[in-house]
Amino acid sequence: MAGGCQCSAVAAVTMIALVLAAAIATLTSVITAEVPLTPGKNCYRKCIGEKRTCHFHFDVHTYQTMSRACYNCPGNITDCQRPDCIAGDGVPRKILVVNKQLPGPPIQVCEGDTVIVDVQNRLHADGLTIHWHGQTMKAGTTHPGTPHMDGTPGITQCPIPPGSSFKYSFVAREAGTQFYHAHTGFHRGDGVFGPMIVRQRTTDDPNYSLFDYDIPGHVLLIHDWLHMPTEDKFIFRHHSGGDDFPESMLINGQGPHQHSNKTSPAAHIPYRQFTVTPGNRYRMRLINAAILNCPITVSVEDHMLTVIATDGNPVKPLNASSIVVYPGERWDVVLAADCRKSGTFWMSFMGGVDCAVSFAHQFSLLRYRDDSSACHPGDPSKGLGNASKGLGNAEGVKGEELIDAELLAQMSPKPKFTEVPPAGVQVNSINSACYDDLVCMANMRSIHSMPEDMKTPTNFTFYLAFEMRRINNAHYYSRMYYDFNLVEEDQQIPTPQVNNLTFLHPATPLLLGGDQGTPICNAENPPPTRNCQEDFCECLHMYHIPLGASVELVLIDEGQYGDENHPIHLHGQHFWVVGQDRPVDLQEASLTRNEVIKMDQRGDMIRNFDHPVYKDTVTIPDAGYTIIRFKADNPGHWLLHCHLLFHSMAGMNIVFKVGEDTDIPPAPEGFPTCANYEGST
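Here the structure is a predicted model, which is why all the values come from computation and not from measurement.

1. Examining the overall build of the protein chain
The helix and strand inventory of the protein chain stands at six helices and 35 strands. The C-alpha radius of gyration of the protein chain comes to 26 Å, within 12% of the 26 Å expected for a compact globule of 681 residues. Its C-alpha atoms give the protein chain principal-axis dimensions of roughly 100 × 75 × 55 Å. When each of the 681 residues of the protein chain is scored for burial, the buried share is 57%.

2. Section: the confidence of the model for the protein chain
Looking at the protein chain as a whole, the pLDDT averages 90, with 90% of positions reaching at least 70. This stretch, residues 1-33, has a pLDDT under 50; its non-local contacts, to residues over four places away or in other chains, come to zero contacts. The low-confidence segment residues 393-400, where pLDDT is below 50, has ten contacts with residues more than four positions distant or belonging to other chains.

3. Some thoughts on the UniProt feature "domain: Plastocyanin-like" (unreviewed entry) in the protein chain
Annotation from UniProt places "domain: Plastocyanin-like" (unreviewed entry) at residues 86-201, 218-350 and 529-660. Between the first and last C-alpha atoms of residues 86-201 the distance is 35 Å; the span itself is 0% helix and 36% strand. Between the end C-alpha atoms of residues 529-660 there is a gap of 29 Å, over a span that is 11% helix and 42% strand.

4. Thoughts on the packing of aromatic side chains
Tallying each qualifying case throughout the model produces 23 aromatic pairs. Considering the side-chain rings of Tyr-213 and Tyr-282, the 5.7 Å spacing of their centres and the 25° angle between planes classify their relative orientation as stacked. Placement of Tyr-213 in the loop between β9 (193-199) and β10 (219-225) and of Tyr-282 in strand β13 (residues 281-288) is noted, with a sequence separation of 69 residues between them. By relative accessible area, which is 4% here, Tyr-282 ends up buried. When the ring of Phe-462 is compared with that of Phe-656, the centres are 6.1 Å apart and the planes differ by 45°; the resulting orientation is tilted. Of this pair, Phe-462 sits in strand β23 (residues 460-469) while Phe-656 sits in strand β35 (residues 653-658), and the two are 194 residues apart along the sequence. Classification of Phe-462 by relative accessible area gives buried; the value is 9%. The rings of Phe-58, Trp-132, Phe-166, Tyr-168, Phe-170, Tyr-180 and Phe-671 are connected pair by pair, giving a single aromatic cluster. Sitting above the plane of the Trp-225 ring, Arg-93 keeps its charged end 4.6 Å from the centroid.

5. Thoughts on the nonpolar core
One finds Trp-132, Leu-464, Leu-553 and Phe-656 to be the most contacted residues of the largest nonpolar core, which totals 97 residues. Dropping the residues within four chain positions of it, Leu-553 is found in contact with Phe-462, Leu-464, Thr-626, Ile-627, Ile-628, Phe-630, Leu-640 and Phe-656.

6. Quick notes on the environment of Gly-127
Tracing the backbone shows Gly-127 in the loop between β5 (114-121) and β6 (130-133). Overall, Gly-127 belongs to the partly exposed group, its relative accessible area being 24%. Sequence separation between Gly-127 and Ser-164 is 37 residues; the distance between their C-alpha atoms is 9.2 Å. The contact partners of Gly-127, leaving out residues within four places of it in the chain, are Asn-121, Pro-159, Ile-160, Pro-162, Thr-184 and His-187.

7. Describing helix α5 (residues 593-602)
When α5 is considered as a whole, its buried residues turn out to be Val-596, Ile-597, Met-599 and Asp-600. In an axial view of α5, the angular spread of the buried residues amounts to 160°, which keeps them on one side of the axis. Exposed residues pointing more than 90 degrees away from the buried face of α5 are listed as Asn-594, Lys-598, Gln-601 and Arg-602. Among the structural elements, β23, β28 (550-557) and β33 (624-631) are those in contact with the buried residues of α5. Directly after α5, the chain includes Gly-603, whose backbone phi takes a positive value near 80°.

8. A short note on the sheet that holds β6
On the basis of which strands lie adjacent, the open sheet formed by four strands has the order β4-β9-β8-β6 and mixed pairing. Sheet topology places β4 (107-110) and β6 at the edges, where each strand pairs with a single neighbour. Each adjacent strand pair in this sheet contributes to an overall mean axis angle of 20°, direction not counted. Where strand β8 (residues 176-182) and β9 come together, six bridges link them in antiparallel fashion. By the bridge assignment for β9, Gln-178 is matched with Met-196.

9. Section: empty space enclosed by the protein
Empty space among the atoms can be located by rolling a probe the size of a water molecule over them. Summed over all chains, the structure comprises four cavities of 30 Å³ or more. Forming the walls of the largest cavity are 14 residues, and the residues nearest its centre are Tyr-326, Asn-428, Ser-429, Ser-432 and Gln-580. Residue classes in the lining of the largest cavity are distributed as seven nonpolar, seven polar and no charged.

10. Description of the pairing of strand β20 (residues 361-368)
Along any regular strand the residues' side chains alternate between the sheet's two faces. Across the eight residues that make up β20, a large majority, eight, are buried. Residues His-361, Phe-363, Leu-365 and Arg-367 line one face of β20 and the alternating positions Gln-362, Ser-364, Leu-366 and Tyr-368 line the opposite face, and both faces are buried. Pairing geometry for strand β12 (residues 273-276) and β20, over four bridges, is parallel. Opposite Phe-274, over in β20, you have Leu-366 as the bridge partner. Across seven bridges, strand β19 (residues 344-351) lies against β20 in antiparallel orientation. Looking at the pairing, Ser-348 lines up with Phe-363 of β20.

11. Overview of the state of the cysteines
In this structure the tally under the stated criterion is nine disulfides. The residue that forms a disulfide with Cys-47 is Cys-110, at a sulfur-sulfur distance of 2.1 Å. Between Cys-47 and Cys-110, the S-S torsion sits near -90°, and that sign places the bridge as left-handed. Of this pair, Cys-47 sits in the loop between β1 (37-39) and β2 (53-64) while Cys-110 sits in strand β4, placing them 63 residues apart in sequence. Classification of Cys-47 by relative accessible area gives buried; the value is 13%. Under the relative-accessibility criterion, Cys-110 is labelled buried at 2%.

12. Some remarks on the sheet that holds strand β24 (residues 495-498)
Read across the open sheet, the six strands follow the order β24-β23-β28-β33-β30-β31; overall the sheet is mixed. Looking at the sheet topology across the chains shown, the edges are occupied by β24 and β31 (614-615). Examined bridge by bridge, β23 and β24 share four bridges and lie antiparallel to one another. Residue pairing across strands places Arg-469 opposite Thr-495, the latter belonging to β24. Across the sheet, α5 is in contact with β23, β28 and β33; its angle to β23 comes to roughly 150°.

Definitions and cut-offs
Along every chain, residues carry numbers that run from 1 in the direction the sequence is written. It should be noted that, the model being predicted, local features are given only for residues of pLDDT at least 70 and side-chain atom pairs only at 80 or more, the latter also being counted only at that level, while totals for whole chains, interfaces and linings use all residues. The side-chain figures draw on all heavy atoms in the structure; neither hydrogens nor water molecules are used. Only DSSP runs of H or I with at least four residues qualify as helices, and only runs of E with at least two residues qualify as strands; both kinds are numbered from the N terminus onward. A radius of gyration in this sense is built from C-alpha atoms; the matching globule rule multiplies 2.2 Å by the number of residues raised to 0.38. The rule is simple: take the accessible area with a 1.4 Å probe, protein chains only, and divide by the maximum for that residue type; under 20% is buried, over 50% is exposed, in between is partly exposed. Per residue, pLDDT measures the predictor's confidence, with a range of 0 to 100. Contacts were defined at the residue level, with two residues in contact if any of their heavy atoms lie within 4.5 Å. UniProt positions are given in the numbering used here, feature names are shortened, and annotations may be inferred rather than shown by experiment. Ring geometry is summarised as follows: Phe, Tyr and Trp rings, the Trp one being its six-membered ring, pair when their centres sit within 6.5 Å, and such pairs are stacked at plane angles under 30 degrees, edge-to-face over 60 and tilted between the two. Charge over a ring is defined by NZ of Lys or CZ of Arg lying within 6 Å of the ring centre and within 35 degrees of the ring normal. As used in this record, nonpolar core signifies buried Ala, Val, Leu, Ile, Met, Phe, Trp, Tyr and Cys residues forming a set joined through side-chain atoms within 4.5 Å. In this context, the arc is that of the directions from the helix axis out to the C-beta atoms. One requirement defines pairing of two strands: DSSP has to find at least two bridges between them. The angle between two axes is taken between their N-to-C directions and runs from 0 to 180 degrees, where each axis is a line fitted to C-alpha atoms and a helix contributes only its stretch in contact. Grid points spaced at 1 Å over the protein atoms alone were grouped into cavities, where a 1.4 Å probe fits but cannot get out, and pockets, open sets with protein on both sides within 12 Å along at least five of seven lines, with lining residues defined by an atom within 4 Å of a point. Grid points are joined across faces, edges and corners, and a volume is the space filled by probe spheres set on the points. Under the convention adopted here, Pro, Cys and the residues Ala, Val, Leu, Ile, Met, Phe, Trp and Tyr are nonpolar, Asp, Glu, Lys and Arg are charged, and Gly plus all remaining residues are polar. When the sulfur atoms of two cysteines come within 2.5 Å, that pair is taken as a disulfide.

Right, dumping it as structure tokens:
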């Protein structure tokens, strides 16, 4: 009898436990379903306390610079700041933008916030995706991985059709200076990009003591600028030998056209201004969104820059007179507003390589507030314990800008375009070996040490040669009618490839099974019916890496054609830069993949494992190499590509599949699919 009672008691307890579990599950689902959304503009805050779910809405549509919204800009300079006015460089042209803004609306959130972006594609004919450059979509202790949100067409999702929408949802896992941009077609070149700043708790930022203010108004998004739609420029380049040089450069979507005559309205578009108060130190975030081969040298008249982070990751502080920012890269610097200075100073942005050919450059104005009372040199409280430190007016200097003419009249003469860097130390120099005053990535140091297991020989090493090849690309030439080798030299446009292979996008995204039944190739398994040393070869260029493996990539720029360097971006992972060099530091140097392999076998390639910098985008110097390492701990299909838009669009891409299909998180319910349709016959 007692046993029966005991069983009944156990059954009763079990029933109560089940009821409680069901109630908790129901409550949890209700809470999860009703997580309060914070309007995106309200997510800019001190990063303390609770995480938020930050909601943004992006309308992507066609527009133009100098529209009717600009009224009498620049005749009336205040008209240039009217709502929906995008002045650009004063030359009217068709653009594609988010919410009628250039750059697009800023995303300012805290590390660990959930970011939700509803993207509405209002383009007339094109599909669209948005990539969150710098966010890996990795799983965390409190959230699953979200590889389907990476925004890479043909790899992680189908393009969003015109008239349709797509909800991106992911956790802002990587703190620092990031940005978002379209990853479809040529949309990034026409204006679909914007800043994404992920701040963190002050105790988590090792360089926090070096600056007093970190405000949205001191984010500088720098980019080259064309006077025609980007796709037109690409077509004219590849089908009739047109140039691939930009006409202009913009800072935060604006700046006068530097080559316009003085009577042209384009010469009088106002410069962007950045205001500082003497005695304070300002964190300035530099983002290069350029599409052509346009590394940009940044310097500020009569000021030093203290480099504190790259691609969102902290580095040991380094003082420099200038820094080169390659397309896709982000750099954080600290600028000290000296108590002994006053007035306005030139901020110079000098384009290199392709930009140098067309002398593309731009300026902004660093303006000191006339507030000497705020300057207390030597004040021990300055920069420490300041309740407002790290926060400022979310609009930056809006409402404080003076008419350029008033400032320019009081300034030193405008600098002339030059490729020669300012005297002193330069970080990340263009096509250079490593020197004391030309600091390359191999010579910079991270705040954080490299994991011990990444210092030993890796499980996989791949030698990837990036080159502009003089071959008969069937997309642009015809062996019968206009063979590459028979047309005039100025019509012989080289083809960008990786290991003599052009990437061919699958019809179905790889994360949705697009690699099933699709021929896959790489250097070890080239297309079987062609000689890729001599012929044009294209295929799904991919490597499969086991989950958890250590990987080393030796990135090579063979330098056979021109002075191209290639800024390389890896999706889904950050990496350590353990080596970089230009063995023969001469203008006409070249270097083959086989030569690099032999150099490595002889032990001639130095690797640094002492606090190497941690990045997601890095350049390969012309006729040089860069060595990177990463842990393949993020299951999914991840694109590695040259961030020069004309190169990636022509196939300078490769995919790494990390893990097995069973390791990759399943697609969200109702996730859109796409594929070829071959009919029923």
